[in-house]
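The chain contents come next:
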There are 2 protein chains.
Amino acid sequence: MSKKTDLRILRTKQSIRTAFIALIQEKGYEAITIQDIADRAMINRNTFYLHYENKPDLLNTYMDELLGELKNAVVLCPISMNPYSIAILETVMQTVLEHISRNTSFYYAMLIEENRIYMFQVKMENIIKDKLNEGWNPAEGNPPLAISKELLFEYLVSSFMGIIIWWVKNDRPLPAGEVSSQFSRLVAYGHLKVAGIAFEE
Amino acid sequence: MSKKTDLRILRTKQSIRTAFIALIQEKGYEAITIQDIADRAMINRNTFYLHYENKPDLLNTYMDELLGELKNAVVLCPISMNPYSIAILETVMQTVLEHISRNTSFYYAMLIEENRIYMFQVKMENIIKDKLNEGWNPAEGNPPLAISKELLFEYLVSSFMGIIIWWVKNDRPLPAGEVSSQFSRLVAYGHLKVAGIAFEE
DNA sequence: ATAAATAATGAACGTCTTGTTGTTTATCTA
DNA sequence: TAGATAAACAACAAGACGTTCATTATTTAT
């Protein structure tokens with residue numbers, strides 16, 4: 001029952017992957033040709049087609065792989081979560097940042113600079129949105145939201161991603177714990193209060 | 001001194017533009033070929049090259065044109081602006097939304113769905129960031145920011161764009177004034193307070 | 001260790017798209 | 001109306017794609 005995959009396949013796939021990431025950072029996804037990948041990976045161009053249908057297929061396979069890991073990394077414990085609490089924001093942010101720390105070069109290639117893969121950000125946003133939604137069960141007895149839940153989530157997710165991108169772009173200038181704490185307070189209490197600016201009404 | 005441009009040029013350029021926008025929505029920017037544009041615009045493929053270098057050139061020309069209009073549309077009156085105030089957020093949001101309302105089909109093609117032009121969002125973010133920065137002169141005597149200004153701006157701009165995209169995607173479900181008011185209050189006072197959720201400390 | 005299986009190579013192909021260069025035709029401006 | 005010029009038409013080489021097929025090399029399983 002030991003269905004081991006051929007070593008040659010593993011080696012080739014790894015070569016392709018490494019070459020691909022490097023090339024994205026060098027010239028951007030769109031500019032890459034299959035021949036580029038083959039050259040860099042030191043394989044025949046034909047060999048590429050033995051493993052992937054085309055360039056988008058390679059990209060998607062790779063993205064889904066990493067985002068699957070991200071999904072698994074963010075585990076919520078709803079019991080300890082106060083509904084509508086800022087704890088959920090902080091927890092998700094914290095675990096996402098830790099996961100990113102374990103895959104910096106990949107996330108850098110995907111999220112930062114000219115050559116970023118915009119599609120990746122969209123996929124990541126959806127995952128974040130699901131996770132927040134998941135841990136966001138409204139307690140009964142609470143008053144209904146005063147604003148559109150969709151609007152609220154759009155706001156939360158986009159600011160969430162904004163912070164993450166800022167953090168990765170600046171080579172993680174603050175510890176993950178600090179960022180997640182600042183972020184959740186920023187969102188929950190407003191920038192005027194958290195930034196120490198005079199409160200107006 | 002009446003350097004009028006040849007009518008043929010105007011007509012051709014307009015045809016190209018219309019065809020281009022339609023094609024983006026139909027099959028996405030990347031999938032479009034010059035021949036596609038020529039067919040749709042009912043011009044010879046060669047004629048395209050008389051006006052634009054290539055596909056990216058066409059895209060950039062068009063984007064810069066509209067974003068130039070956006071830049072001009074957002075005029076700040078620093079006199080009436082309270083530094084660090086939420087008024088600046090509200091004003092910018094309001095004028096941007098109004099500008100978008102005047103060019104919905106274009107912004108829809110650029111910002112929404114599978115076939116969006118991600119580059120456009122980046123350019124737009126930079127404009128928003130500049131505008132916010134412009135109207136954001138710290139009053140002397142105020143305490144220094146308790147958090148990184150960069151982090152704060154990243155947060156503001158990304159949530160700003162998130163709201164805008166949500167608004168365009170959902171066919172502008174609320175009046176511009178309402179959205180800009182809700183947004184500025186959301187950012188300034190926090191989602192807990194604005195959404196009517198029990199405040200925790 | 002050897003044989004069978006299969007991954008990788010290398011060459012060749014038709015197709016499509018690109019960007020360019022001429023020449024001719026049609027249209028606009030002055 | 002005449003000169004200017006935009007647009008059409010035809011043709012080209014170069015590059016990239018995706019596929020086929022025979023051959024070589026490596027791995028797995030016996």
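For clarity, every value in this text was computed on a predicted model and none was experimentally measured. (Residues numbered from 1 in each chain as written. Chains lettered and ligands numbered in written order. Predicted model: local features only at pLDDT ≥ 70, side-chain atom pairs only at ≥ 80, totals over all residues. Heavy atoms only, no water.)

Enquirer: Looking at this model, I keep getting lost on the overall build of chain A. Mind explaining?
Expert: From N to C terminus, chain A includes 10 helices and zero strands. Going from N to C terminus, chain A has its helices and strands arranged as α-α-α-α-α-α-α-α-α-α. Of the contacts made within chain A by residues no fewer than 6 positions apart, 67% connect residues no fewer than 24 positions apart. When the accessible area of chain A is evaluated, it comes to approximately 10000 Å², of which 50% is carbon and sulfur surface. (Helix = DSSP H or I, 4+ residues; strand = E, 2+ residues; numbered from the N terminus. Contact = heavy atoms within 4.5 Å. Areas by Shrake-Rupley, 256 points an atom, 1.4 Å probe, with all protein chains shown as cover.)

Enquirer: Please clarify how the protein's contact with DNA strand D should be interpreted in this entry.
Expert: The local shell around DNA strand D holds 24 residues, among which Asn-46 of chain A together with Thr-12, Asn-46, Thr-47 and His-51 of chain B are the closest. Counting only atoms of DNA strand D within 4 Å of the protein, the fraction found in sugar and phosphate groups is 61%. The separation between a sugar or linking oxygen of DNA strand D and a polar side-chain atom of Asp-6 of chain A is 3.4 Å. Contact between DNA strand D and Ile-34 of chain A: a phosphate oxygen at 3.2 Å from a main-chain N or O atom of the residue. Among the residues forming the surface near DNA strand D, the class breakdown is seven nonpolar, 10 polar and seven charged. (Near = heavy atom within 4 Å. Polar contact = N/O pair within 3.5 Å; in protein donor to acceptor, adjacent residues only side chain to side chain. Nonpolar A, V, L, I, M, F, W, Y, C, P; charged D, E, K, R; others polar.)

Enquirer: Would you explain helix α5 (residues 86–101) of chain B in this entry?
Expert: At 3.6 residues per turn, the α-helix brings residues three or four places apart onto the same side. With 16 residues, α5 of chain B should reach 22 Å at 1.5 Å per residue; the first-to-last C-alpha distance of 23 Å fits that figure. Inspection of α5 of chain B places Ile-86, Ile-88, Leu-89, Val-92, Met-93, Thr-95, Val-96, Leu-97, His-99 and Ile-100 of chain B among the buried residues, and these make up the whole buried set. (Expected span 1.5 Å × (residues − 1). Buried < 20%, exposed > 50% of the residue type's maximum accessible area, 1.4 Å probe, protein only.)

Enquirer: Help me out: how do you make sense of the nonpolar core in this one?
Expert: Here is a general trend for soluble globular proteins: nonpolar side chains tend to be buried in one another's company. Of all hydrophobic cores here, the largest spans 128 residues; its most connected members are Met-124 of chain A together with Met-124 of chain B. With near-sequence residues (within four places) excluded, Met-124 of chain A lies in contact with Leu-67, Leu-70, Val-96, Ile-100, Tyr-107, Leu-111, Met-161 and Ile-164 of chain A. (Core = buried A, V, L, I, M, F, W, Y, C linked by side-chain atoms within 4.5 Å.)

Enquirer: Is there a simple way to think about the protein's contact with DNA strand C in this case?
Expert: As a matter of local geometry, DNA strand C sits amid 23 residues, with Thr-12, Asn-46, Thr-47 and His-51 of chain A together with Asn-46 of chain B nearest to it. Those atoms of DNA strand C that come within 4 Å of the protein belong to sugar or phosphate at a rate of 59%. Here His-51 of chain A contributes a side-chain N or O atom positioned 2.6 Å from a phosphate oxygen of DNA strand C. One of the side-chain N or O atoms of Asp-6 of chain B is found 3.4 Å from a sugar or linking oxygen in DNA strand C.

Note that every value here comes from positions in space, so none of it alone points to a role or purpose.
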